[in-house]
Amino acid sequence: MERIDSLISARWVIPVEPEGLVLEHHSVAVRDGRILDVLPTAAALKLYAPDNHTDLPRHTLIPGLVNAHTHAAMNLMRGLADDLPLMTWLQEHIWPAEQTHVSAEFVHDGSAAACAEMLMGGITCFNDMYFFPEATARVASQAGMRASVGIIVIDFPSAYAAGPAEYLEKGLAMHDAWHGDPLISTVFAPHAPYTVGDEALERISMLSSELDLPVHMHIHETAHEVSEAEGNLGMRPLQRLHQAGLVTPSLMAVHMTQLNDDEIALLARANASVIHCPESNLKLASGFCPVHKLQQAGINVALGTDSAASNNDLDMLSEMRTAALLAKAVAGDAAALPAPRALTMATLAGARALGLDENIGSLVKGKFADMTAVDMGGITMEPVFNPISQLTYVANRNQVSDVWVAGRQLLRSRALTTINPDNVLERVRNWQQRLQVTDPG
Ligand SMILES: [Zn+2]
């Protein structure tokens, strides 16, 4: 018998690679944080002597969910202002609150709340864009969670930096500090075409290819963004980014609700990724991303929740369902975005967009053991004819029972092992009082 660190046996194991495959009564063998083997449980019990054996008799084991777009610290602004269009929401509520309150402490506390929420919902990796990103990196690292942290760049000053040059300088220092970390990676995160000037965009384009870092940006979020740019600059934002050299395989274009056929062809040729945030787009009435068309063109489409201020939860299982339902309605085709594709978008496609797919995103030998178990038993879930359909159309995050990142268990029978939720809650409540006093309502 071969000694291993842990063996996780489940009623169903869904490796995501190949898409749609469901393995019954299988186990994942883990050693040194990585997947050593995926095999039938009966064979695993003869072959391996695990230090820890977890048996999940009515559960599905899937790759850890990858939230490809969020602003973790904004958990502190969940529900601060709702039922408003994007620009009113930003200009009259979110930006003023940020001007008054955002600090390293705010970002630390908000990120801790988001990490706790995401782990409880089966999310093992998130791609973040916010001020004081090193505070988010520190929180994720301490929680044992995987994060891709944005080097934020925006034209206007904040408590974090005075302008684009300082944002970049601080972000690059963070990149150096975390370079080579097993859990934390960095990407460029220019906020949006309408908040970042040409000079900064060109510098980011150059640095991105020099350092081989992805670029994470809100693009074509609303029709207003596109028509305003056409009026002011005589071109659509994506065209401007293309001229700055940013439409490449490294691009993670978030939202993309406004796309013509030429733009879809451009993204496909460039091998860029699109990050779809259906619930945020619906809530802000931003528009509909043509997901089915993008996928037919061969474009990698990942899923993100966006922040808790515009969603208002960080629940990737519900995001999968919304994405699948919305894509069918937008395409006028019930076969658009089938359940196995929704699961791929929430896992492997996110890993691909982040440039992490050699290490995470599916349950195959050699990748890190980032895994999520979902309890499929009980009145609200059974019968289970097809566990992938059940995950997409029935399950929600309350059925997530256990989570591992690089083989380390961060959620055990719904209890967090590295984050003290009471401590996090106390800070969240404290911030609520402070924010309540200043929001104009
Ligand atoms: Zn966003």
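Up top is the structure.
Keep in mind that what you see is a predicted model, and the values were worked out from it rather than measured.

### Notes on the environment of glutamate 105
Consideration 1: Its location among the elements puts glutamate 105 in helix H3 (residues 104-120).
Consideration 2: As a C-alpha pair, glutamate 105 and alanine 73 span 32 residues in sequence and 9.9 Å in three-dimensional space.
Consideration 3: In contact with glutamate 105, not counting residues within four places along its chain, are Trp431 and Arg434.

### Some words on empty space enclosed by the protein
Rolling a probe over the atoms, with the probe sized like a water molecule, indicates the empty space that remains.
Consideration 1: Enumeration according to the criterion identifies 2 cavities of 30 Å³ or more in this entry.
Consideration 2: Within this model, the largest cavity holds a volume of roughly 230 Å³.
Consideration 3: Lining the largest cavity are 22 residues, and of these His71, Met74, Leu90, His191 and His218 lie nearest its centre.
Consideration 4: By residue number, the principal contributor to the lining of the largest cavity is helix H2 (residues 86-101), which donates 6 residues.
Consideration 5: In terms of residue class, the lining of the largest cavity is built from 13 nonpolar, 6 polar and 3 charged.
Consideration 6: Estimates place the volume of the second largest cavity at around 50 Å³.
Consideration 7: Trp95, Glu98, Gln99, Val102, Phe131, Phe156, Ser158 and Ala159 are the residues that line the second largest cavity.

### Overview of the pairing of strand S5 (residues 65-70)
Consideration 1: Among the 6 residues that make up S5, 6 are buried, leaving the element largely enclosed by the rest of the structure.
Consideration 2: Pairing analysis gives 4 bridges linking S5 to strand S6 (residues 123-128), with the strands arranged parallel. The residue bridging valine 66 from the neighbouring strand is cysteine 125, located in S6.

### Remarks on the coordination of the zinc ion
Consideration 1: The coordination sphere of the zinc ion, as far as protein atoms go, consists of His69 (NE2), His71 (NE2), His218 (NE2) and Asp306 (OD), spread over 2.1 to 2.3 Å.
Consideration 2: In this structure, the zinc ion is surrounded by 4 donor atoms whose angles at the metal cover 85 to 172°, and the resulting shape is irregular.
Consideration 3: In primary sequence terms, the donor set of the zinc ion follows H-x1-H-x146-H-x87-D.
Consideration 4: Taking the relative accessible area as the measure of exposure, histidine 69 reaches 0% and is therefore buried.

### What about the packing of aromatic side chains?
In this description, a pair of aromatic rings is defined by centroid distance and the angle of the planes.
Consideration 1: For the structure on display, the rule yields 6 aromatic pairs.
Consideration 2: Between the aromatic rings of phenylalanine 131 and tyrosine 167, the centroid separation amounts to 6.4 Å while the plane-to-plane angle is 40°, which identifies the pairing as tilted. Here the residue phenylalanine 131 occupies a position in the loop between S6 and helix H4 (133-143), and tyrosine 167 occupies one in helix H5 (residues 164-178), the gap between them amounting to 36 residues.
Consideration 3: Since its relative accessible area comes to 5%, phenylalanine 131 is described here as buried.
Consideration 4: What makes tyrosine 167 buried here is its relative accessible area of 0%.
Consideration 5: Centre to centre, the rings of phenylalanine 132 and tyrosine 160 are 5.0 Å apart; their planes meet at 55°, and the pair counts as tilted. Of this pair, phenylalanine 132 sits in the loop between S6 and H4 while tyrosine 160 sits in the loop between strand S7 (146-153) and H5, and the two are 28 residues apart along the sequence.
Consideration 6: Using a relative accessible area of 13% as the deciding quantity, one classes phenylalanine 132 as buried.
Consideration 7: What makes tyrosine 160 buried here is its relative accessible area of 3%.
Consideration 8: Cluster of aromatic residues (ring-pair linked, three or more members): Tyr130, Phe131, Phe132, Tyr160 and Tyr167.
Consideration 9: Over the ring of tryptophan 431 we find arginine 434, and its NZ or CZ is 4.0 Å from the ring centre.

### Concerning the packing of H5 against helix H6 (residues 198-211)
Consideration 1: Direction vectors running N to C along H5 and H6 enclose 15°, while the axes themselves pass 11 Å from each other. Here H5 lies roughly parallel to H6, going by the angle between them. Of the two elements, H5 crosses H6, and the hand of that crossing is right-handed. Only Ala200, Arg203, Ile204, Leu207 and Leu211 of H6 make contact with H5, whose side of the interface consists of Pro164, Leu168 and Leu172.
Consideration 2: When grouped by side-chain class, the residues that make up the contact of H5 with H6 number 7 nonpolar, no polar and 1 charged.

About the criteria used
- Within any chain, residue numbers begin from 1 and follow the written order of that chain's sequence.
- Per-residue local features are limited, in this predicted model, to residues with pLDDT of at least 70; the limit for side-chain atom pairs, both in listing and counting, is 80 or more; totals at the level of whole chains, interfaces and linings are taken over all residues.
- Excluding hydrogens and water, the side-chain figures rest on all heavy atoms present in the structure.
- The numbering of helices and of strands both runs from the N terminus, where a helix is a DSSP run of H or I of at least 4 residues and a strand a run of E of at least 2.
- Only heavy atoms enter the contact rule, under which two residues are in contact if any of them lie within 4.5 Å.
- Buriedness for pockets is judged along seven lines, at least five of which must meet protein on both sides within 12 Å for an open set on the 1 Å grid over protein atoms alone, while cavities are sets there where a 1.4 Å probe fits but cannot get out, and lining residues have an atom within 4 Å of a point.
- Grid points are joined across faces, edges and corners, and a volume is the space filled by probe spheres set on the points.
- Ten residue types, Ala, Val, Leu, Ile, Met, Phe, Trp, Tyr, Cys and Pro, are classed as nonpolar, four, Asp, Glu, Lys and Arg, as charged, and the remainder, Gly among them, as polar.
- When accessible area is computed with a 1.4 Å probe and restricted to protein chains, residues below 20% of their type maximum are described as buried, those above 50% as exposed, and intermediate ones as partly exposed.
- What makes two strands pair is DSSP finding at least two bridges between them.
- Here the coordinating atoms are restricted to nitrogen, oxygen and sulfur within 2.8 Å of the metal centre, or 3.2 Å for Na, K and Ca, and because water is not among them the sites may look incomplete.
- The rule is simple: four donors are tetrahedral if all their angles sit between 85 and 135 degrees, four are square planar and six octahedral if opposite donors span more than 155 degrees and the others lie between 65 and 115, and anything that fits none of that is irregular.
- In this analysis, rings of Phe, Tyr and Trp, with Trp reduced to its six-membered ring, are considered paired at centre separations within 6.5 Å, and the interplanar angle assigns stacked below 30 degrees, edge-to-face beyond 60, and tilted for intermediate values.
- Throughout this description, the term charge over a ring refers to an Arg CZ or Lys NZ atom that lies within 6 Å of the ring centre and within 35 degrees of the ring normal.
- Only the stretch in contact is used when a helix axis is fitted, and all axes are lines through C-alpha atoms; the angle between N-to-C directions ranges over 0 to 180 degrees.
- In what follows, roughly perpendicular refers to angles from 65 to 115 degrees, roughly parallel to angles under 35, roughly antiparallel to angles over 145, and oblique to any angle outside these ranges.
- Definitions for this section: a left-handed crossing has its near helix turned counterclockwise from the far helix by less than a right angle. A right-handed crossing has that turn clockwise.

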